[in-house]
Amino acid sequence: MTTSGEFPALISPNELANLVRSGEIVVMDCRFNLTKPEAGEAAFQLAHISGAAYAHLDRDLASPRGPGSGRHPLPDPAGLSRIFSSWGIDRSVRVVAYDDAGGAVAARLWWLLRWMGHSQVALLDGGWNAWAETGMPVSAATPDFRPREFQGRAGQMPVMETDEIASRLTDDHLLIIDARASARYLGQVEPIDPVAGHIPGAVNLPYQDNLTESGRFRGRTILRQNIDAIIGQRTASDTVVMCGSGVTACHNLFSMELAGFSGACLYPGSWSEWIADPRRPVSQG
């Protein structure tokens, strides 16, 4: 296991089952489908890990989209603190997040908790699929949480905003890593946003490359090799990770931390914010 502070950053279904039985954990279900926004919550209501709460990407893990913003702006910190409190999370509580997409959405909750200063958060390796495949107990019951007072301060994970990225496009020290699938990065397809392509100079590291065919995270050595191959001698502060809207980019940031490369920046607005201004350059191919 790779650790983040005192708590493993990645845990197995068996490890989570032990924690659930001991009552020492808050489990968060983050299943979500970008093209069917209510499908994840509907699946949660049918069956979920016993005692889990549901985190809705659009409603809980992002602010409403505004003029010129990306599709999933970062939540208001005060509102986010209230949401965490309602789920029974405070500084003493350990959190495990999962989804059914290899952590693609759950990593957003991991990043937001870390951004607010809460380090005791992990992802379930293999997510819902691994839990179900191992025959672990599930429930359709609505969880009843004892609210706690979450006290955090936003800004504990670094971000890089659009204006800074735009001003540094010719800076050879800046590395932009795009976590979208290669076909979207290349501009061959674009199923979600109105413009296809990528930011000039960005390199592609699809978040799916962090996973095995079974949907579990690759080992630290392989992750490190993949990351070293594109980062080279750059520092974390000169590395910014993006995707379509700042969600799956968190999967790459999580994998980078697993591999021992901490402190890279998230571009919260990502591609959907970049293309909101047609004057910003776009590359294809």
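Residues numbered from 1 in each chain as written. Predicted model: local features only at pLDDT ≥ 70, side-chain atom pairs only at ≥ 80, totals over all residues. Heavy atoms only, no water.

**Side note on the sheet that holds strand β11 (residues 203-204)**
Okay, so step 1: If you walk across this open sheet you meet the four strands as β11-β10-β12-β13, and the pairing is parallel. Where the open sheet ends on each side, the last strands, each with one partner, are β11 and β13 (265-266).
Okay, so step 2: Relative to β13, strand β12 (residues 239-242) runs parallel, the two sharing two bridges. Considered in β13, the bridge of valine 240 is made with cysteine 265.
Okay, so step 3: Packed on one face of the sheet, helix α10 (residues 249-258) meets β10 (175-178), β12 and β13 and runs near 135° to β12. (Pairing = 2+ DSSP bridges. Helix = DSSP H or I, 4+ residues; strand = E, 2+ residues; numbered from the N terminus. Contact = heavy atoms within 4.5 Å. Axes fitted to C-alpha atoms, helices over the stretch in contact; angles between N-to-C directions.)

**Notes on the pairing of strand β8 (residues 121-124)**
Okay, so step 1: What you see with β8 is no split at all: Val121 and Leu123 on one side and Ala122 and Leu124 on the other are buried throughout.
Okay, so step 2: Alignment of strand β3 (residues 10-11) against β8, held across two bridges, turns out to be parallel. Opposite isoleucine 11, over in β8, you have leucine 124 as the bridge partner.
Okay, so step 3: Bridge count for strand β7 (residues 95-98) against β8 is three bridges, and the pairing is parallel. Each residue of the ladder has a partner; that of alanine 97, found in β8, is leucine 123.
Okay, so step 4: Since β7 and β8 lie parallel, the crossover through helix α5 (residues 106-115) that links them has a hand, and here it is right-handed. (Buried < 20%, exposed > 50% of the residue type's maximum accessible area, 1.4 Å probe, protein only. Right-handed = clockwise from strand over helix to strand, strands pointing away.)

**Points about the pattern of salt bridges**
Okay, so step 1: Summed over the entire model, instances satisfying the criterion amount to 14 salt bridges.
Okay, so step 2: Across the salt bridge formed by glutamate 41 and arginine 59, the nearest N and O atoms sit 3.1 Å from each other. Of this pair, glutamate 41 sits in helix α2 (residues 39-46) while arginine 59 sits in helix α3 (residues 57-60), and the two are 18 residues apart along the sequence.
Okay, so step 3: Relative accessible area serves as the criterion here: at 45%, arginine 59 is assigned to the partly exposed category.
Okay, so step 4: The salt bridge partner of arginine 279 is aspartate 277, with a shortest N-O separation of 2.9 Å.
Okay, so step 5: Through salt bridges with shared partners, a single network forms among Arg71, Asp178, Arg180, Arg184, Glu190 and Asp193. (Salt bridge = Lys/Arg side-chain N within 4 Å of Asp/Glu carboxyl O.)

**Points about α2**
Okay, so step 1: Where α2 is concerned, the buried positions are Gly40, Glu41 and Phe44. The arc that holds the buried residues of α2, viewed along the axis, is 95°, so those residues lie on one side.
Okay, so step 2: Residues of α2 that are buried make contact with β4 (26-29), β5 (48-49), β6 (53-54) and α3. (Arc of directions from axis to C-beta.)

**Here we look at the sheet that holds β3**
Okay, so step 1: Judged by pairing direction, the sheet is parallel, and its five strands sit side by side in the order β3-β8-β7-β4-β6 without closing on themselves. Of all the strands in the sheet, the pair left with one neighbour each is β3 and β6.

**Focus on the packing of α5 against α10**
Okay, so step 1: Contact geometry of α5 with α10 gives a least axis separation of 8 Å together with a crossing angle of 70°. Taken as axis vectors, α5 and α10 run roughly perpendicular relative to one another. Here the hand of the crossing between α5 and α10 comes out left-handed. Every residue of α10 that contacts α5 at Ala107, Arg108, Trp110, Trp111 and Arg114 is listed here: Cys250, His251, Leu253, Phe254 and Glu257.
Okay, so step 2: Partitioning the contact of α5 with α10 into residue classes produces six nonpolar, one polar and three charged. (Parallel < 35°, antiparallel > 145°, perpendicular 65-115°, else oblique. Left-handed = near helix turned anticlockwise from the far one by under 90°. Nonpolar A, V, L, I, M, F, W, Y, C, P; charged D, E, K, R; others polar.)

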